[in-house]
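# Understanding the architecture of this molecule
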Amino acid sequence: MYIKFCNFGPYADVKVSGKAKDESNTDVYQKVRLYKRISAVFIILTLVLLAVVLALAMKLYEVQSIQKYPERPEVEEPEEFNCSRQLCQTMYPSTQDVQKHVYRCTMCPKGWLKFENSCYFISKERLTWQESREACQKQDGDLVVIDNERVQKHLTQSGGMLYWIGLRYSEKQQWMWINNTAPTQNYWAHGQPVPDSQGSCALLGGQMSHKNNWISNRCGVLSQYICQRG
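Residues numbered from 1 in each chain as written. Predicted model: local features only at pLDDT ≥ 70, side-chain atom pairs only at ≥ 80, totals over all residues. Heavy atoms only, no water.

What follows covers the overall build of the protein chain. From N to C terminus, the protein chain includes 4 helices and 8 strands. Listing every helix and strand of the protein chain by position from the N terminus yields α-α-β-β-α-β-α-β-β-β-β-β. For the protein chain, the residues scored as buried account for 31% of the 230 residues in total. In the protein chain, the share of contacts with a sequence separation of at least 24, taken over all contacts with a separation of at least 6, comes to 67%. Looking at the protein chain as shown, the accessible area adds up to about 16700 Å², and 57% of this sits on carbon and sulfur atoms. (Helix = DSSP H or I, 4+ residues; strand = E, 2+ residues; numbered from the N terminus. Buried < 20%, exposed > 50% of the residue type's maximum accessible area, 1.4 Å probe, protein only. Contact = heavy atoms within 4.5 Å. Areas by Shrake-Rupley, 256 points an atom, 1.4 Å probe, with all protein chains shown as cover.)

Let us now look at the UniProt feature "transmembrane region" (unreviewed entry) in the protein chain. The residues that UniProt annotates with the feature "transmembrane region" (unreviewed entry) are residues 40–61. Regarding residues 40–61, the helix share stands at 100% and the strand share at 0%, and the terminal C-alpha atoms are separated by 32 Å. (UniProt positions renumbered as here; feature names shortened; annotations may be inferred.)

Right, let's get into the confidence of the model for the protein chain. Interpreting fine coordinate detail is not advised for predicted regions of low pLDDT. The predicted model of the protein chain has a mean per-residue pLDDT of 80, with 71% of residues at 70 or higher. At the level of individual helices and strands, the protein chain shows its lowest average pLDDT in helix α2 (residues 85–91), which scores 51, and its highest in strand β3 (residues 142–143), which scores 98. Here residues 72–84 is modelled with pLDDT under 50, and outside its nearest four sequence neighbours on either side it reaches 22 contacts, counting other chains as well. (pLDDT = per-residue confidence, 0-100.)

A word on the pattern of salt bridges. One pass over the structure, following the stated rule, counts 3 salt bridges. A salt bridge links R133 to D142; the nearest nitrogen and oxygen atoms lie 3.0 Å apart. Side by side, R133 and D142 carry an identical accessibility label, which is buried. Across the salt bridge formed by K211 and E149, the nearest N and O atoms sit 2.8 Å from each other. Taken as a pair, K211 in the loop between β6 (200–205) and β7 (214–218) and E149 in helix α4 (residues 149–158) lie far apart in primary sequence, 62 residues in all. (Salt bridge = Lys/Arg side-chain N within 4 Å of Asp/Glu carboxyl O.)

Next up on the list: the state of the cysteines. Counted by the stated rule, this structure contains 3 disulfides. At a sulfur-sulfur separation of 2.1 Å, the disulfide partner of C108 is C119. Around the S-S axis, the bridge from C108 to C119 shows a dihedral of about -85° and counts as left-handed. Taken as a pair, C108 in the loop between α2 and β1 (113–115) and C119 in strand β2 (residues 118–122) lie far apart in primary sequence, 11 residues in all. For C108, a relative accessible area of 8% puts it in the buried group. A residue is classified by how much of its surface remains accessible, and C119, at 0% relative accessible area, is buried. With its sulfur 1.9 Å from that of its partner, C136 forms a disulfide with C227. Taking the torsion about the sulfur-sulfur bond, which here is approximately -80°, the covalent link between C136 and C227 counts as left-handed. (Disulfide = S-S within 2.5 Å.)

Now the structure itself:
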């Protein structure tokens, strides 16, 4: 009885060698995957740590800013606001921070100009003289009464249009301010006012010579206006 052993020749070695190579490649791939996972975990931890550091830095900056520049206390404005310095100081008490910045008391409402002891509002809308006066009165003021050259010059330089002022030709056949006083100083333009001034009111011309820029016109004409408070 004979037993014959099969000899695969050189191919047997090739198969064994190929199997070992596959096992080696699989081991390398597993290690690469492991390294990638570890790297991803480190990257995520780094980003989280960076976000925490930035958040803490911003919080620290806010705390330091609040300590260095304390907020101005909010004060509710009363409905009836006027230009009284005593009321103003009560509403906005002066305070100082560590750098000696002073919160100044604002005597005039927002949009109004402060000059000497009064507040002035230069309108952008165009109304008749009577409508202009009513608009000023709704803001607790009235059309401006110019009683000295300083105010006359300041208002002339503050706008570049024609503005109604509180001067009109009265039934007494003379020009009178709305406070029933006659002008002590006149700044009429050349040839003004016209002889027949019945039903006329006065306009101030902005950006003109302040010594002669009053112009008379019919009170029903639409024009901008100047209000005064105080």
